[in-house]
Amino acid sequence: MKTESIYNQPDADGFFGRYGGSFISETLAQAVEELQQAYLFYRDDPHFVVGFQEELADYVGRPSPVYFARRLSEQTGGARIFLKREDLNHTGAHKINNVIGQAMLAQRMGKRRIIAETGAGQHGVATATICARYGLECVIYMGSEDIRRQSPNVQRMELLGATVVPVESGSRTLKDAMNDAIRDWVTNVDDTFYLIGSVAGMHPYPTMVRDFQTVIGKECLLQMPALFKRLGMAKEHPDVVVACVGGGSNAIGIFHPYIEHEAVRLVGVEAAGLGLETGQHAASIQRGSAGVLHGSRSLVLQDDHGQVQHTHSISAGLDYPGVGPEHAWLHEIGRVEYVGATDDEALHAFHLLSRVEGIIPALEASHAVAHAVKLAATLPKEQVILVNLSGRGDKDMDTVMAQTGRDKR
Amino acid sequence: MSRLQATFKRLQREGRKALIPYATAGYPYADITPALMHVLVEAGADVIELGVPFSDPSADGPTIQAASERALQQGVGMPQVLEQVRQFRQSDTTTPVVLMGYANPIERYDQIRQPGAFAADAAAAGVDGVLVVDYPPEVAGDLSAQLRQHGIDLIFLLAQTSTERRIRQVAERASGYVYCVSIKGVTGAKTLDIDQVKATLARIRQHVRIPVGVGFGIRDAHTARQIAQVADAVVIGSWLIESLEGKPAADALAAASDLIRSVRRQLELDVPEQTSSPKAKNAKP
Ligand SMILES: Cc1ncc(COP(=O)(O)O)c(C=O)c1O
């Protein structure tokens, strides 16, 4: 296949250029090796591949549609904006694609206990959902700060039978939840599968999670030409693909199949929080430096002593001081541009999309929408921007209402 | 001969096992560490492991996490840790000091300064060994070469889950000593199984010819003695750190001294009769 001949990352040790790898303590080495081998085997196993596709179709409701956001596009006066509707997936975000893949792998490896970290709670909900579906024990680590911000998702996880463990260390957010999940894994390594929610972590997670999420981009490759034809547009691919970047899984999922199509601009949108210049953000690619966190080398927000910094974003799912190593690499080789959207821009986009299209986006995805709207205004009408609408915004109602109330006062 | 080699040689001659306390640098107070190190040596420590505080210590349990957080709040990072070692070295030129920590503070040290700066500065401060928890042998090549250039040993971990292939890999690269993790879990956990430790040590010793220490989960003097009967060194971490918690400096130092002394006494029960008394400075009444 053409994709593989041009873009063939990572290497056998999980390195994307100088990023990635497996920086783990010896106590985890055996478990990680076992996982690497199992993944390499099952990824090429036809039963596994077909089983995964069936689950995505029957349980998630894939393929998710691509929708032409006509009124939103008209408002910008420029390029046309299309939305890849990952918000319509079962459980309301792209996270479930990856969760199904890993849970199927866990079953085949004979692991009956699933642990996961979660920030916004979307990955936790997806994991709790699939554990209910497959009859697996489920323990979710979640920072106490995030529990406060995303309480509806905590209730959903518990309803689905998961145990939610509040994490009180460090900044009490996603990165600390990940530390605690790693600690659990080391302790219960025999029967436990660590189901990571993004393209971060040690090899093989960045590759495995990417592979499960590329279903998003692969569908787009098929859907866009058909849609263009219907709309009478002489096009095959969008001109720009935009996605928000927390750990980077929804972004890599939609970007990856387009990497070889070099005319397609790929834009990742990081959380610029209160503004990149304020230091209150989560823009690991734009403001970070190379560092080792959670088992891989990537771009990390850190101080001069190599201590990982606290981040800020209005969206819990983007509030992470690192990023998947493949994004660090794509940034380094210049294939993907990375930009920021602030809390205010994301909030504005949240309201805008709700009002003009009747779609309430997740605050994470609102960052991508915000940038797409800004970009569209600068581009001619013939151009097309495809936005990965990674999730729906029901979970964010409390945050948005609190914020809006504050603005009114 | 390096300080680590000299220490293990002497201990072997005396029929003793190494007692290695682990303390997080800058805990409980930013400037207590050099004094604490001297107290530990006086109480019978043979080697000191100094924990370098890190914001995301994913191999550590609650005790060392909290100590690390506390030290960070007080501004203790790698440069401060090296300065503490330098101060300790002004009046102790024989006790080996091993830094134990995570990759990122080391990589960042070089990133901000220049490649190789950490190894050079650590050597200048008087560091003898470095243990990087999240550097398995596969990725430790560069640091290992830089440290070797300065006569510093890179210490590796092995665990009961380590495969024979991984044990061999470590055996080929390790110097100083090898640190055997006694449990499945993080530091400070309470589930040490002595038979399991024995079995793991036997597997390790088939390939590893240098001293093997055991740590993680040793929280009483009796267990320490049992471990010392089968290993070359005993590491005491979380238990020691807990004894310092919430105490004013003088009391913390006294508590550390009492604890290490109690362990040393237990270990001495297995020292052959004909052996001379412990090194002079340990021989307090
Ligand atoms: C809807 C949604 N989008 C995006 C993200 C960010 O994760 P990633 O960058 O891995 O896609 C999250 C994380 O929770 C999310 O819930």
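The coordinates are above.
Here goes a summary of the coordinates provided. Quantities reported herein were computed from a predicted structural model and do not represent experimental measurements. (Residues numbered from 1 in each chain as written. Chains lettered and ligands numbered in written order. Predicted model: local features only at pLDDT ≥ 70, side-chain atom pairs only at ≥ 80, totals over all residues. Heavy atoms only, no water.)

## A word on a nonpolar patch on the surface
Keep this limit in mind: Here, patches come from residues exposed beyond 30% relative accessible area and free of salt bridges, joined within 9 Å for like charges and within 5 Å for nonpolar side chains (Val, Leu, Ile, Met, Phe, Trp, Tyr). The method behind every accessible area is Shrake-Rupley, applied with a 1.4 Å probe, and residues are considered shielded solely by the protein chains displayed. Whenever a carboxyl oxygen of Asp or Glu lies within 4 Å of a side-chain nitrogen of Lys or Arg, that contact is scored as a salt bridge. Labels follow the DSSP assignment, with helices taken as runs of H or I lasting at least four residues and strands as runs of E lasting at least two, numbered in each case from the N terminus.
Together, Ile360(A), Met397(A) and Met401(A) give the surface a local cluster of nonpolar side chains, amounting to about 250 Å² of exposed area. Within the fold, Met401(A) resides in helix 17 (residues 397-408).

## With respect to the side chain of Asp343(A)
Applicable threshold: The criterion used for residue contact is that any of the two residues' heavy atoms lie within 4.5 Å.
If you trace the backbone, Asp343(A) turns up in helix 15 (residues 343-357). What Asp343(A) contacts, discounting residues up to four positions off in sequence, is Gly273(A), Leu274(A), His312(A), Ser313(A) and Ile314(A).

## Topic: helix 9 (residues 194-205) of chain B
Residues and elements named next belong to chain B. Put simply, the rule is: Multiplying one less than the number of residues by 1.5 Å gives the expected span of a helix. A simple rule labels every residue: compare its accessible area, found with a 1.4 Å probe on the protein chains alone, to the largest value its type can have, and call it buried under 20%, exposed over 50%, or partly exposed in between. The directions from the helix axis to the C-beta atoms form the arc being described. Polar contact is the term for a pair of N or O atoms within 3.5 Å; when the atoms are in protein, one must be able to donate a hydrogen and the other to accept it, and sequence-neighboring residues count only if both atoms are side-chain atoms.
Compared with an ideal rise of 1.5 Å per residue, which puts 12 residues at 16 Å, helix 9 spans 16 Å between its outermost C-alpha atoms and is within 8% of the ideal. Along helix 9, the positions that sit buried rather than exposed are Ile194, Val197, Thr200, Leu201 and Ile204. Along the axis of helix 9, the buried positions cluster into a sector of 120 degrees, meaning they face one direction only. The N-terminus of helix 9 is capped by aspartate 193, whose side-chain oxygen sits 3.0 Å from the backbone nitrogen of aspartate 195.

## Section: the interface of chain B and chain A
Many analyses report the size of an interface as the accessible area lost when the parts associate. Basically, it comes down to this: What counts as buried area is the accessible surface, traced by a 1.4 Å probe, that two parts surrender upon association, with contributions from both included. Here the term charged refers only to Asp, Glu, Lys and Arg, the term nonpolar to Ala, Val, Leu, Ile, Met, Phe, Trp, Tyr, Cys and Pro, and the term polar to all other amino acids, Gly among them.
Between chain B and chain A, the contact holds 40 residues from the first and 35 residues from the second. A buried area of about 3000 Å², summed over both sides, lies between chain B and chain A, and 47% of it is on carbon and sulfur atoms. In terms of surface lost to chain A, no three residues of chain B exceed Asp56(B), Arg108(B) and Lys184(B), which account for 19% of the buried area on that side. Linking Asp304(A) and Arg108(B) is a salt bridge whose minimum nitrogen-to-oxygen distance equals 3.6 Å. Between the two partners, chain B and chain A, sit 20 residue pairs in polar contact (both at pLDDT 80 or more). Residue assignment for the side of chain B that touches chain A shows that the elements contributing at least two residues are helix 3 (62-73), helix 4 (78-89), helix 5 (103-112), strand 5 (153-159) and helix 8 (164-173) of chain B. Element by element, the count of residues in the side of chain B that touches chain A is highest for helix 5 of chain B, at 7 residues. Looking at side-chain class alone, the side of chain B that touches chain A contains 19 nonpolar, 12 polar and 9 charged residues.

## Examining the environment of Ala120(A)
Residue and element names in this part refer to chain A. Take alanine 120: it is sitting in the loop between strand 5 (113-118) and helix 6 (122-134). Each C-alpha atom, one on alanine 120 and one on isoleucine 147, is 8.5 Å from the other, the two residues being 27 residues apart in sequence. In this structure, alanine 120 is in contact with Met142, Gln150, Asn153, Ala316, Gly317, Glu364 and Lys395, ignoring residues within four places of it in sequence.

## Focus on the site of the ligand
Residue and element names in this part refer to chain A. Quick reminder of the rule: When we say a residue is near a molecule or strand, we mean one of its heavy atoms is within 4 Å of it.
Near the ligand you find 18 residues, and of these Ser198, Gly246, Gly248, Ser249 and Ser390 are the closest. Note that an oxygen atom of the ligand is positioned 3.0 Å from one of the side-chain N or O atoms of histidine 94. One nitrogen or oxygen atom from the main chain of glycine 246 is found 2.7 Å from an oxygen atom belonging to the ligand. When isolated, the ligand has an accessible area of 390 Å², and the protein chains bury 98% of it. Taken together, the residues that form the shell around the ligand break down as 5 nonpolar, 11 polar and 2 charged.

## With respect to the pattern of salt bridges
Residues and elements named next belong to chain A. Under the criterion given, the structure shown has 43 salt bridges over all chains. Of the charged contacts, one joins lysine 175 and aspartate 176 as a salt bridge, the two residues approaching to 3.2 Å between their closest N and O atoms. Neither residue differs from the other here; lysine 175 and aspartate 176 are each classed as buried. Salt-bridge contacts for aspartate 396 lead to lysine 395; the nearest nitrogen and oxygen are separated by 2.9 Å. Here aspartate 396 and lysine 395 have matching classes, each one buried.

## Some words on the packing of aromatic side chains
Just so we agree on the cut-off: Pairing of aromatic rings covers Phe, Tyr and Trp, the last counted by its six-membered ring, and requires centre-to-centre distances within 6.5 Å; plane angles under 30 degrees mean stacked, over 60 mean edge-to-face, and any other angle means tilted. Charge over a ring is defined by NZ of Lys or CZ of Arg lying within 6 Å of the ring centre and within 35 degrees of the ring normal.
One pass over the structure, following the stated rule, counts 16 aromatic pairs over all chains. The interplanar angle of 45 degrees and the centroid separation of 6.0 Å between the aromatic rings of Phe23(A) and Tyr135(B) together place this pair among those described as tilted. Placement of Phe23(A) in the loop between strand 2 (19-20) and helix 2 (26-43) and of Tyr135(B) in the loop between strand 4 (129-132) and helix 7 (141-149) is noted, with the two residues assigned to different chains. Taken as a pair, Phe23(A) and Tyr135(B) share a single burial class, namely buried. Look at Phe41(A) and Tyr42(A): their rings are 4.9 Å apart centre to centre, the planes differ by 90 degrees, and that puts the pair in the edge-to-face class. Here Phe41(A) falls in the exposed class, since its relative accessible area comes to 53%. When the ring centre of Tyr109(B) is taken as origin, the NZ or CZ atom of Arg113(B), which lies over that ring, is 3.7 Å away.

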